[in-house]
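Understanding the architecture of this molecule
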Amino acid sequence: MIKVENLDVVYGSKNASNHVVRSVSFDVGRGETLGIVGESGCGKSTLLRSLAGLERGWTGSIAFDGKPVGTARSREELKLAQMVFQDPYGSLHPRHRIGTALAEPLRAMGLGDGWSEASRALRQVGLPEHFANRFPHELSGGQRQRVAIARALILSPPILLLDEPTSALDLSIQAEVLNLLADQREERNLTYVLVSHDLSVIAHMCDRVLVMQNGIFVDELTKADLTEGVTHAAYSRELFEASFL
Ligand SMILES: Nc1ncnc2c1ncn2[C@@H]1O[C@H](COP(=O)(O)OP(=O)(O)OP(=O)(O)O)[C@@H](O)[C@H]1O
Ligand SMILES: [Mg+2]
């Protein structure tokens, strides 16, 4: 479903350049959830944003479902991979009602006013339809993240890119949102790439994990490796001991 080859992202100009993602290659199968872990600043969000079409300064190749996509995306291409961010405040306009926020991607694609889809999307993520009239600040953090997930799913993308989707939430709400993501994945046969600092989140959701350090992947772990505490690179061991255990 996702094939990335030799992806590079360099920020800045020649004299002060920062090579953030360094010739990264990986595949994700349809229905699979790939985890990405690594310390702050190693390039995880930059990688996801490049996949999502939000970052334009990349080189290399990205293909979804066998079709290559470029740095400038067509409407159809933008529909393929949608992103969910850590802080739903960042992706929801504070003065737009929830219904407007949900309908907006449909309107932008010229697919009608989006109101009936907005109601259905709210139901699908376990929220009452009348929340369409509320503003983001009138929802709890978990409810806001449900809205952000509903919004990411409203164009029925086959791929979700999840950047720390639960780390801003209370522990009990985290589990609810993860279950929602797992249910949606099953129902729609979605493919996920999930960035998280939390090993229990990764172990719960992911089939496979890539460990990133300074813009490259230094290790790949299976679900069995995670549960048995197996690592193949010294850095992964260090990372897991420092931040997860
Ligand atoms: N738009 C940008 N312009 C310039 N530099 C950037 C930009 N976005 C990110 N960077 C830099 O790229 C590097 C990687 O950032 P990125 O956000 O991808 O890290 P991350 O792995 O997601 O970290 P965290 O775990 O803290 O979210 C950092 O050094 C950051 O300062
Ligand atoms: Mg990040």
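As shown above, the structure is provided for reference.
All of the points below concern the structure found in this document. (Residues numbered from 1 in each chain as written. Chains lettered and ligands numbered in written order. Predicted model: local features only at pLDDT ≥ 70, side-chain atom pairs only at ≥ 80, totals over all residues. Heavy atoms only, no water.)

Side note on the overall build of the protein
Broken down by element type, the protein carries ten helices and ten strands. Over its C-alpha atoms the protein spans a radius of gyration of 18 Å, differing by no more than 12% from the 18 Å that the globule rule assigns to 245 residues. Projecting the C-alpha coordinates of the protein onto the three principal axes gives extents of approximately 50 × 40 × 35 Å. Residues classed as buried in the protein amount to 49% of the 245 residues present. Excluding contacts between residues fewer than 6 apart, the proportion of contacts in the protein whose partners are at least 24 apart in sequence is 65%. By element, 48% of the accessible surface of the protein is carried by carbon and sulfur atoms, the whole surface being about 11300 Å². Charged side chains of the protein number 25 positive and 30 negative; the gap between the two group centres comes to 8 Å. (Helix = DSSP H or I, 4+ residues; strand = E, 2+ residues; numbered from the N terminus. Rg over C-alpha atoms; globule rule 2.2 N^0.38 Å. Buried < 20%, exposed > 50% of the residue type's maximum accessible area, 1.4 Å probe, protein only. Contact = heavy atoms within 4.5 Å. Areas by Shrake-Rupley, 256 points an atom, 1.4 Å probe, with all protein chains shown as cover. Lys, Arg positive; Asp, Glu negative; His and termini not counted. Charge placed at Lys NZ, Arg CZ, Asp CG, Glu CD.)

What to know about the pattern of salt bridges
Summed over the entire model, instances satisfying the criterion amount to eleven salt bridges. Salt-bridge contacts for Lys67 lead to Asp65; the nearest nitrogen and oxygen are separated by 3.8 Å. On the basis of relative accessibility, which here comes to 47%, the residue Lys67 falls in the partly exposed class. Residues Arg208 and Glu220 are paired through a salt bridge, measuring 3.1 Å at the closest nitrogen-oxygen approach. Of the two residues, Arg208 sits in strand β9 (residues 208–213) while Glu220 sits in strand β10 (residues 216–222), which places them twelve residues apart along the sequence. On the basis of relative accessibility, which here comes to 16%, the residue Arg208 falls in the buried class. On the accessibility criterion, Glu220 (40% relative accessible area) is partly exposed. Several salt bridges converge on common partners, so that one network encompasses Arg30, Asp65 and Lys67. (Salt bridge = Lys/Arg side-chain N within 4 Å of Asp/Glu carboxyl O.)

A few points about the packing of helix α4 (residues 98–108) against helix α5 (residues 115–124)
Relative orientation of the contacting elements α4 and α5 amounts to 120°, with a least axis distance of 8 Å. Comparing the axis directions of α4 and α5 gives the class oblique. Helix-helix and strand crossings are classified by hand; for α4 and α5 the assignment is right-handed. Here α4 contributes Ile98, Gly99, Thr100, Leu102, Ala103, Leu106 and Arg107 to the contact with α5, which in turn contributes Trp115, Glu117, Ala118 and Leu122. Split into classes, the residues belonging to the contact of α4 with α5 amount to seven nonpolar, two polar and two charged. (Axes fitted to C-alpha atoms, helices over the stretch in contact; angles between N-to-C directions. Parallel < 35°, antiparallel > 145°, perpendicular 65-115°, else oblique. Left-handed = near helix turned anticlockwise from the far one by under 90°. Nonpolar A, V, L, I, M, F, W, Y, C, P; charged D, E, K, R; others polar.)

Any link to function would need more than the numbers given here.
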